[in-house]
Amino acid sequence: MKITVLGCGTSAGVPVIGCRCAVCRSADPKNKRLRCSILLEARGQKILFDTGPDLREQCLRAEIDQLDAVVFTHAHADHLHGLDDLRSINNIVGRRLPAYAHQDVLARIKERFPYAFAGGQDGIGGFWRPDLEPHSFDGSRPFTIGAVEFLPLRHGHGRSHVWGFRIGNFAYSTDADDLDPPYLEALRGIDVWIVDALRDDPHPSHSHLVKTLGWIDHVRPRLAYLTHMNHEVDYRAWKEKLPPGIEPAYDGLVIEVEE
Ligand SMILES: [Zn+2]
Ligand SMILES: [Zn+2]
Ligand SMILES: [Zn+2]
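Because the structure is predicted, anything quoted here is derived from the model rather than measured.

(A) Geometry of the nonpolar core. Leu40, Leu86, Phe150, Phe170, Trp193 and Leu226 are the most contacted members of the largest nonpolar core, which totals 77 residues. Apart from the residues within four sequence positions on either side, Leu226 is in contact with Val195, Ala197, Leu209, Thr212, Ile216, Trp238, Leu242, Ile246, Glu247, Pro248 and Ala249.

(B) The arrangement of the coordination of the zinc ion (ligand 2) in detail. Only Cys19 (SG), Cys21 (SG), Cys24 (SG) and His231 (ND1) from the protein reach the zinc ion (ligand 2) as donors, at distances of 2.1 to 2.3 Å. Relative to the metal, the four donor atoms surrounding the zinc ion (ligand 2) lie at angles of 105 to 114°, and the coordination shape comes out tetrahedral. All donors of the zinc ion (ligand 2) come from a single chain, and their spacing in sequence reads C-x1-C-x2-C-x206-H. Taken together, the residues span a long stretch of sequence, with Cys19 in the loop between β1 (2-7) and β2 (37-42) and His231 in the loop between β12 (223-227) and α7 (235-241) at a distance of 212 residues. Here Cys19 falls in the partly exposed class, since its relative accessible area comes to 21%.

(C) Up close: the environment of Asp54. One can find Asp54 in the loop between β3 (45-49) and α1 (55-61). Overall, Asp54 belongs to the buried group, its relative accessible area being 14%. Setting aside its immediate chain neighbours within four residues, Asp54 contacts Leu34 and Arg35.

(D) Structural detail: the packing of aromatic side chains. Per the stated rule, a full pass over the model turns up twelve aromatic pairs. Measuring from centroid to centroid gives 5.6 Å for Tyr100 and Phe143, while their planes differ by 10°, and the two rings are stacked. Placement of Tyr100 in strand β5 (residues 97-102) and of Phe143 in strand β7 (residues 143-145) is noted, with a sequence separation of 43 residues between them. Overall, Phe143 belongs to the buried group, its relative accessible area being 11%. Grouping aromatic residues by their ring pairs yields a cluster made of Phe49, Tyr100, Phe137, Phe143, Phe150, Trp163, Phe165 and Tyr172.

(E) Quick look at the sheet that holds β12. Read across the open sheet, the seven strands follow the order β7-β8-β9-β10-β11-β12-β13; overall the sheet is mixed. Edge positions in the open sheet fall to β7 and β13 (246-248), since each of these has one partner strand only. Within the sheet, the average angular offset between the axes of one strand and its neighbour, ignoring direction, is 25°. Here three bridges tie β12 to β13, and the two strands are oriented parallel to one another. Its bridge partner being in β13, Tyr225 is matched across the sheet by Glu247.

(F) Quick peek at the pairing of β3. Burial of β3 is extensive: five of the five residues sit out of reach of the surface. Alternating positions in β3 separate into two faces, Gln45, Ile47 and Phe49 on one and Lys46 and Leu48 on the other, with burial throughout. Two strands pair when backbone bridges link them, and β2 and β3 are joined in this way by five bridges, in the antiparallel orientation. Across the sheet, residue Ala42 finds its bridge partner in β3, namely Gln45. The antiparallel hairpin formed by β2 and β3 contains two residues in its connecting segment, where Arg43 sits at a positive phi of about 45°. Pairing analysis gives three bridges linking β3 to strand β4 (residues 69-71), with the strands arranged parallel. When the sheet's bridge partners are listed, Phe49 is paired in β4 with Val71. What joins β3 to β4 is α1, and the crossover it makes is right-handed.

(G) Summary view of the coordination of the zinc ion (ligand 3). Every protein donor of the zinc ion (ligand 3) is listed here as His74 (NE2), His76 (ND1), His157 (NE2) and Asp175 (OD), and their distances to the metal cover 2.2 to 2.4 Å. In the primary structure, the donors to the zinc ion (ligand 3) are separated according to the pattern H-x1-H-x80-H-x17-D. What makes His76 partly exposed here is its relative accessible area of 33%. Overall, Asp175 belongs to the buried group, its relative accessible area being 1%.

Rules and cut-offs
Residues numbered from 1 in each chain as written. Chains lettered and ligands numbered in written order. Predicted model: local features only at pLDDT ≥ 70, side-chain atom pairs only at ≥ 80, totals over all residues. Heavy atoms only, no water. Core = buried A, V, L, I, M, F, W, Y, C linked by side-chain atoms within 4.5 Å. Buried < 20%, exposed > 50% of the residue type's maximum accessible area, 1.4 Å probe, protein only. Contact = heavy atoms within 4.5 Å. Donors = N, O, S within 2.8 Å, 3.2 Å for Na, K, Ca; no water. Tetrahedral: all angles 85-135°; square planar, octahedral: opposite > 155°, others 65-115°. Helix = DSSP H or I, 4+ residues; strand = E, 2+ residues; numbered from the N terminus. Phe/Tyr/Trp six-rings, centres within 6.5 Å; stacked < 30°, edge-to-face > 60°. Pairing = 2+ DSSP bridges. Axes fitted to C-alpha atoms, helices over the stretch in contact; angles between N-to-C directions. Right-handed = clockwise from strand over helix to strand, strands pointing away.

If you want it as structure tokens, here you go:
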């Protein structure tokens, strides 16, 4: 299984518009963070997680030229509002793109992008708007995309909820400030975990570094990568202070996961 980190930045991205702080002005490419997204490649499936506002740039950088499905964690703008660029994928694969989300998340996506579920083919083989085939899950049991099994796990995100996923020995938990004991137990001993850590200081809807390190201590993955980082996080400073096996992610990072 191969994971590509397409973006590991918080909702504003890094650099932040108009900010002159040291990280925003940093020349280190690992301090440039697009909005959160990953690409999962497993068992012949190419699966995109979320469609944030940087989706076009992310597809170009990672040379994504086709997808088998998209999975949504939640409907916040920084995870959803690049959805229109899936039209290019529709045009490559020549069919509707299966989209998986919890039923409540799917309802919100349909509210905001009703036209993406209303057909988009022009009758001569092209798509003039994105065309998604809705697949909802209720969170009570795993679901599969091809031969890839997803265990959906609900976590807290401020006043709302987000869906994390365990896929074999890998798990993705973005936009999290509250993981309950059964959630942590469900991930115990996985190979690789990508998990939210916004910054050093506490925040009302995201985990901060000390809290995330506590979760990692419980789950004990072989490797943990931190995501959804804001402009207070200097890549090199965090990398140097973190214990072995825990690193800040960076855009373009490719991770091989033991199946
Ligand atoms: Zn987010
Ligand atoms: Zn800044
Ligand atoms: Zn969010």
